[in-house]
Each structure stands twice: as structure tokens, then as C-alpha cells.
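For reference, the chains in residue letters:
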Amino acid sequence: LPYSQALSWIGFGLLLARAFIPALRPLSVVILFVFVTLTGLSLGPYLSILLMVDPRLVIVSGGATLAIFGALTAYTHISGKDFTYLYGFLFVALVAMIVLSLIQFFMPFGNTMNTIMNYAGALLFTAYILADTSAITRQYFAVNDASGAALALFLDILNLFLYLLRLFSRRD
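Calculation rules
- Residues numbered from 1 in each chain as written.
- Predicted model: local features only at pLDDT ≥ 70, side-chain atom pairs only at ≥ 80, totals over all residues.
- Heavy atoms only, no water.
- Helix = DSSP H or I, 4+ residues; strand = E, 2+ residues; numbered from the N terminus.
- Buried < 20%, exposed > 50% of the residue type's maximum accessible area, 1.4 Å probe, protein only.
- Contact = heavy atoms within 4.5 Å.
- Areas by Shrake-Rupley, 256 points an atom, 1.4 Å probe, with all protein chains shown as cover.
- Expected span 1.5 Å × (residues − 1).
- Salt bridge = Lys/Arg side-chain N within 4 Å of Asp/Glu carboxyl O.
- Phe/Tyr/Trp six-rings, centres within 6.5 Å; stacked < 30°, edge-to-face > 60°.
- Lys NZ or Arg CZ within 6 Å of the ring centre and 35° of its normal.

Peer 1: When you look at the overall build of the chain in this model, what are you seeing that I'm missing?
Peer 2: If you tally the helices and strands in the chain, you get six helices and zero strands. The order of α-helices and β-strands along the chain, N terminus first, is α-α-α-α-α-α. Across the 172 residues in the chain, those meeting the buried criterion constitute 36%. When contacts within the chain are restricted to residue pairs at least 6 apart in sequence, long-range pairs at least 24 apart make up 78% of them. On the chain, roughly 10300 Å² of surface is accessible, and the fraction owed to carbon and sulfur atoms is 75%.

Peer 1: Any chance you could explain helix H3 (residues 55-79) here in plain terms?
Peer 2: Three or four residues apart is the spacing at which side chains of an α-helix point the same way, because the helix has 3.6 residues per turn. Relative to the 36 Å expected for 25 residues at 1.5 Å per residue, H3 spans 36 Å between its end C-alpha atoms, a close match to the ideal helical length. Taken together, the buried positions of H3 are occupied by Leu-57, Val-58, Ser-61, Ala-64, Thr-65, Leu-72, Thr-73 and Thr-76. In the segment just after H3, Gly-80 is the residue with positive phi, at about 75°.

Peer 1: Quick question: what am I supposed to make of the side chain of Ser-61 here?
Peer 2: Counting through the fold element by element, Ser-61 comes out in helix H3. On the basis of relative accessibility, which here comes to 0%, the residue Ser-61 falls in the buried class. If we skip the residues at most four places from it in the chain, Ser-61 touches Phe-161, Leu-164, Leu-165 and Phe-168.

Peer 1: Looking at this model, I keep getting lost on the pattern of salt bridges. Mind explaining?
Peer 2: Side chains carrying opposite charge are able to pair once their charged atoms draw close together. Throughout the structure, instances matching the rule amount to one salt bridge. Between Arg-56 and Asp-54 there is a salt bridge; the shortest N-O distance is 3.2 Å.

Peer 1: Can you walk me through the packing of aromatic side chains in this structure?
Peer 2: To describe a pair of aromatic rings, you give the distance between the ring centres and the angle between the ring planes. What the rule picks out here adds up to five aromatic pairs. Both rings, one in Phe-105 and one in Phe-106, keep their centres 5.1 Å apart while their planes meet at 85°; by these two values the pair is edge-to-face. Plain terms: the ring middles of Phe-125 and Tyr-163 are 6.0 Å apart, the flat faces sit at 20° to each other, and that makes the pair stacked. Of this pair, Phe-125 sits in helix H5 (residues 111-137) while Tyr-163 sits in helix H6 (residues 146-169); the two residues are 38 residues apart in sequence, bridging distant segments of the chain. Each member of the pair Phe-125 and Tyr-163 is classed as buried. Ring pairing ties together the aromatic residues Phe-125, Tyr-128 and Tyr-163, which thus form one cluster. The ring of Tyr-163 carries the charged tip of Arg-166 above its face, separated from the ring centre by 4.8 Å.

This is the structure:
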């Protein structure tokens, strides 16, 4: 689906713009809204095809994402622990995943490495949910930056869902 890739690049551009104008509250809310809309439009056709082929795949991936998010959010609130110390490790892991993905684009890995990358991605964004939820509950995001907090959790949940979708689709 050709327009889907274009929407993804536009969304990436919006993320970059959001990084440079976090303090402008009305504009950051508009950017969040447009980004989430473009993400839905770009993923919609892919998910609708998956729903036609194997609806269980989308349901199980979505259910697992919901369960992981709910459990980690509850754990963060109940334990009262501060998981923001993970940010440094998570950033390094994210950069490593991006570098490996770029290498894979030019020199495709085998199935085993793809599976390892998918597990690593799922674990990475699970940890990001833990850290971002902890940051939100401790108000480490700027006081007027609810859209930044929403965007962080949206990206965590979306990426976890996509990695789980890849993992569960490889189980056949």
C-alpha cells in the first residue's frame, strides 16, 4: 500500500517537529492528534488484511498488549517504585535496535535473528511502558506537557503491539 509508507514518513516528520516544539501546548496537541490519525490510517489497511486472514492474530496481540500495559501500570502505581533510571539503558537499546534494523534493511537477517529482534523489541517497549508510566505518575514530564506524556505512552503501546504481532505471526 503505497500511501501507507508516505503517511508513515509524514508521521515521523511530525514526531521530529514535536521534539522541537514541546512547550507550545496548542500546537503539540494538534501534532499529537494528526500523528495518531496518520498512524491509524497507515496501519488500518495492514490490520484489516490481517483481520481477514487470521483475526485471532490481531485479537491475541491486542489482548497481550492490553494485559502487559495494564499489569505494568498497576505494578508501577502499587509498588511506588521509580523506574525512570531505566531511560539511559532503554535509549542505548533503542539506538541498537535502530542500527540493527538499518543493517537488516541492506543485509537481511535470517529467521532466527528476526525472531530475536522481535523479542528484544517487545521487551524494550515493555520496559519503556514501565519507565514512562513511572515518569508520568511522578510528574517528570513538564507540567503542561500532557500531550508529550500521551505521545510517549502511545508509541510504547503501539510498538509493543507491532512487535507482538510479528512474534505471534511467526508462530505458524
